[in-house]
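Understanding the architecture of this molecule
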Amino acid sequence: MSLWRIAWRSVQQRALASSLTAFSMALGVMLLVAVLSIHGVIERSFQNNASLGYNMIMGAKGGKLQLTLNTVYYLSQPIENLPYEFYLEFLAADRRDAEFQTALRPPDARRDGKYAAFVEVAIPLCLGDYFGPFRVIGTTPEMFDRLQFGPSGTQKYEFARGRNFLLQSPEHGFFEAVVGATAARQMNVKLGDRIATTHGDPEGVGHGQKFTVVGILAPSGTPQDRAVFVSIEGFFLMEGHAKPLPDDAPGGAEGVLPHDGGAGPSADPAPPAEDQSPALVAAGASSPSPSAPLPLEQREVTSILVRTSSPIVGMYLENEINEGPTAQAVLPVREIYLLFDMFVRPAQMLLLLMSVLICIVSGVSILVSIYNSMSERRHEIAVMRALGAERQTVMSVILFESIILGAGGGAVGWVLGHGLNAIIGPLIEARTGVTIGFFDFAPGVDISWLWAASGSGWEVSTELLLVPALLVLTVVVGLLPAMTAYRTDVAASLGK
């Protein structure tokens with residue numbers, strides 16, 4: 001009979017105690033695997049969000065982290081608004097001329113914006129509204145046409161259904177919307193639905209206007225999955241979004257310029273579709289079709305996403321903007337990694353340390369279980385010795401028992417850990433946009449240094465490193481009871 005079989009029979013004889021001991025190890029490994037996997041998910045989420053196709057954010061002066069959280073992750077509240085004229089300074093002359101068509105007092109001279117020569121892309125964002133628990137962002141179609149994401153910054157946003165919204169379309173005017181994958185799933189949104197937003201808070205007052213959903217994004221693992229994007233022209237036209245005019249401007253005495261369609265409701269509200277969820281329709285909501293956009297003087301933006309022509313230009317532009325009185329320039333990648341290093345990574349390391357300690361305590365429980373059984377097994381060990389078994393053989397059997405308990409519990413813990421990931425995967429996806437399932441493993445670590453092949457790119461999942469670590473732990477904790485078995489006095493034990 002092999003030594004492994006003898007060790008297994010010994011474990012079976014103490015089935016209850018062995019099962020409880022192995023289960024304690026399974027719990028430790030389960031927690032460790034879950035922490036490692038979730039760590040990989042969070043790391044992947046930060047990497048995706050650190051490269052969203054722009055390298056700079058312009059916003060009102062205030063907290064840099066708050067501006068980053070609000071603009072990149074759509075968390076927190078906006079600091080203040082920026083004048084729309086400031087956004088125009090990032091546009092070339094032809095784009096500025098098109099924007100000034102709506103101005104009450106257009107400029108006389110045609111010129112490029114002050115910062116246009118340094119910028120490849122400038123995309124305005126307007127925040128402040130909600131669709132259920134999800135933020136509504138007024139922006140331009142460039143958000144999905146020109147921005148790319150992912151660790152390498154080469155992934156394009158794709159549409160699971162439909163298309164990108166237009167600033168003004170023949171079918172829906174200024175009121176088209178694109179819904180992120182998570183938002184569409186949770187709010188049961190389909191193409192063609194007309195959605196109404198609330199002002200300032202998920203439970204706030206509903207606007208009179210509704211947007212027609214023309215596109216639903218494919219899951220991207222970015223904050224875009226948890227947001228709704230609407231034409232910035234329609235966003236401006238919603239009730240309560242127009243900046244009051246000064247008294248000396250046309251229409252300024254009333255505060256808001258009345259124009260064709262305005263921000264008020266139309267005379268013919270469209271009835272909601274029967275298959276729409278209650279969140280799609282606000283009480284008394286109607287859908288206007290204004291024929292003219294909001295005047296330039298009544299517009300503001302929350303922030304501006306900027307991609308500069310080169311990193312050196314970015315450094316100059318950052319200093320130029322920050323020294324001015326109007327706005328601040330923030331490098332989102334710097335703030336994201338600062339947030340990760342200051343808050344997320346320490347919490348992850350604490351959880352990882354706790355998980356390792358739990359595994360060590362579980363290993364000690366294996367030691368205690370086997371050691372306590374040695375007094376009952378002295379006669380058994382003495383019989384084995386009398387039948388010709390050597391001291392090393394008896395010692396090996398005890399070590400094999402420890403390995404069986406530790407490795408068996410670790411295998412069960414690995415299955416439980418990934419099962420836990422599969423269970424909480426939908427919740428993680430809803431919160432972060434990153435999917436995790438049963439077969440998603442922890443990120444790899446470079447082990448090429450082991451054979452002096454630095455740079456060869458050899459990586460192994462940190463979960464696989466648990467195998468040798470667990471074996472070493474079980475051998476170490478099995479040494480004490482194994483040494484006790486090794487020193488068993490045969491004559492004294494047989495005489496009992």
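What you are looking at is a predicted structure, and each value in this text was computed from that prediction instead of being measured.

Quick word on the overall build of the protein
A tally of helices and strands in the protein yields 13 helices and 16 strands. Looking at the protein residue by residue over its 496 residues, the buried ones come to 49%. Taking as baseline every contact in the protein between residues at least 6 positions apart, the subset at least 24 positions apart corresponds to 75%.

Examining the nonpolar core
One recurring pattern in soluble globular proteins: nonpolar side chains tend to sit buried together. Met58, Phe86, Phe90, Ile304, Leu317 and Ile321 are the most contacted members of the largest nonpolar core, which totals 48 residues. Aside from chain neighbours lying at most four places away, what touches Phe86 is Met58, Tyr115, Ile304, Ile321, Thr326 and Ala327. In terms of nonpolar packing, the next biggest core, distinct from the first, is built from 29 residues, Ile370, Met384, Ala482 and Ala485 among them.

A look at a nonpolar patch on the surface
Residues Leu353, Val356, Leu357, Ile360, Val364 and Val368 make up a contiguous nonpolar surface patch of roughly 470 Å² in combined accessible area. Summarising the element assignment, Val356 is placed in helix α10 (residues 332–386). The partly exposed category is assigned to Val356, whose relative accessible area is 34%.

Some thoughts on the packing of aromatic side chains
Under the counting rule described, the total for this entry stands at 14 aromatic pairs. Each ring, one from Trp414 and one from Phe438, has its centre 6.0 Å from the other, and the planes form 85°; the classification is edge-to-face. A residue pair is termed long-range when its members are at least 10 positions apart, and Trp414 in helix α11 (residues 391–432) and Phe438 in the loop between α11 and β15 (444–446) qualify at 24 residues. For Trp414, a relative accessible area of 28% puts it in the partly exposed group. By relative accessible area, Phe438 is classed as partly exposed at 26%. Taken together, the aromatic side chains of Tyr74, Phe144, Phe149, Tyr157, Phe159 and Phe229 make up a single cluster linked through ring pairs. For the cation-ring pair, Arg299 lies above Tyr84, with the distance from its terminal atom to the ring centre recorded as 5.2 Å.

Describing the environment of Val306
For Val306, the position within the fold is in strand β13 (residues 303–308). By relative accessible area, Val306 is classed as buried at 0%. For the pair Val306 and Ile123, spaced 183 residues apart in the sequence, the C-alpha separation amounts to 6.6 Å. Once residues within four sequence positions are removed from consideration, Val306 is found in contact with Tyr54, Asn55, Met56, Met58, Phe90, Val119, Val121 and Leu317.

Some words on the pairing of strand β1 (residues 56–59)
Sheet faces and side chains relate simply in a regular strand, where the side chains alternate between the two faces. Residues Met56 and Met58 of β1 are buried on one face, and the alternating residues Ile57 and Gly59, pointing to the opposite face, are buried as well. Direction of pairing for β1 relative to β13: antiparallel, over a ladder of 4 bridges. Its bridge partner lying in β13, Met58 is registered against Ile304. Alignment of β1 against strand β14 (residues 328–330), held across 3 bridges, turns out to be antiparallel. The residue of β14 that forms the bridge with Ile57 is Val330.

What about helix α1 (residues 3–13)?
All of the buried residues in α1 are Ala7, Ser10 and Val11. Taken end-on, α1 shows its buried residues confined to a sector of 100°, consistent with a single buried face.

Considerations on the pattern of salt bridges
Applying the stated criterion across every chain, the model contains 13 salt bridges. For Glu233, the salt bridge identified is with Arg299, shortest N-O distance 2.8 Å. Highlighted residues: Glu233 in helix α8 (residues 232–237) and Arg299 in the loop between α8 and β12 (300–301), separated in sequence by 66 residues. Judged by its relative accessible area of 0%, Arg299 falls in the buried class.

Some remarks on the side chain of Ser402
The residue Ser402 is located in helix α11 in this model. Judged by relative accessible area, Ser402 falls into the buried class, the value being 0%. With near-sequence residues (within four places) excluded, Ser402 lies in contact with Ile366, Ile370, Thr474, Val477 and Gly478.

Details of the pairing of strand β11 (residues 227–231)
Counting buried positions along β11 gives 5 out of 5 residues, so the element sits mostly inside the fold. Where strand β4 (residues 134–139) meets β11, 5 bridges bridge the pair, whose relative direction is parallel. Among the inter-strand pairings, Arg135 is bridged to a residue of β11, identified as Ala227. Pairing between strand β8 (residues 176–179) and β11: 3 bridges, direction antiparallel. Residue pairing for β11: Ala177 is matched across the bridge by Val230.

A short note on the side chain of Ser362
As for its placement among the helices and strands, Ser362 is situated in helix α10. At 2.8 Å, the side chain of Ser362 and the backbone oxygen of Ser24 are in polar contact. Beyond its immediate stretch of four places on either side in the chain, Ser362 contacts Ser24 and Met25.

Some words on unusual backbone geometry
One non-glycine residue, Tyr74, lies in positive phi territory at about 60°. Structurally, the position occupied by Tyr74 is in the loop between α3 (64–72) and β2 (82–83). Overall, the relative accessible area of 6% leaves Tyr74 in the buried class. Here Asn188, not a glycine, exhibits a phi torsion of approximately 55°, which is positive. Along the chain, Asn188 turns up in the loop between α7 (181–187) and β9 (194–199).

A few points about the confidence of the model for the protein
Averaged over the protein, the pLDDT score is 79; the fraction of residues at 70 or greater is 80%. For residues 253–289, every residue scores under 50 in pLDDT, and the model assigns this stretch 72 contacts once sequence neighbours within four places are set aside.

Notes on helix α9 (residues 311–323)
Every α-helical turn comprises 3.6 residues, leaving residues that sit three or four positions apart pointing alike. Over its 13 residues, α9 extends 19 Å from the first C-alpha to the last, a length consistent with the 18 Å expected when each residue adds 1.5 Å. Val313, Gly314, Leu317, Glu318 and Ile321 are the residues of α9 that are buried. Buried positions in α9, seen along its axis, are confined to an arc of 140° and lie on one side of it. The exposed set on the far side of α9, more than 90 degrees from its buried face, consists of Ile312, Met315 and Glu323.

What counts, and where the lines are drawn
- Residues numbered from 1 in each chain as written.
- Predicted model: local features only at pLDDT ≥ 70, side-chain atom pairs only at ≥ 80, totals over all residues.
- Heavy atoms only, no water.
- Helix = DSSP H or I, 4+ residues; strand = E, 2+ residues; numbered from the N terminus.
- Buried < 20%, exposed > 50% of the residue type's maximum accessible area, 1.4 Å probe, protein only.
- Contact = heavy atoms within 4.5 Å.
- Core = buried A, V, L, I, M, F, W, Y, C linked by side-chain atoms within 4.5 Å.
- Patch = residues over 30% accessible without salt bridge, like charges linked within 9 Å, V, L, I, M, F, W, Y side chains within 5 Å.
- Areas by Shrake-Rupley, 256 points an atom, 1.4 Å probe, with all protein chains shown as cover.
- Salt bridge = Lys/Arg side-chain N within 4 Å of Asp/Glu carboxyl O.
- Phe/Tyr/Trp six-rings, centres within 6.5 Å; stacked < 30°, edge-to-face > 60°.
- Lys NZ or Arg CZ within 6 Å of the ring centre and 35° of its normal.
- Pairing = 2+ DSSP bridges.
- Arc of directions from axis to C-beta.
- Polar contact = N/O pair within 3.5 Å; in protein donor to acceptor, adjacent residues only side chain to side chain.
- pLDDT = per-residue confidence, 0-100.
- Expected span 1.5 Å × (residues − 1).

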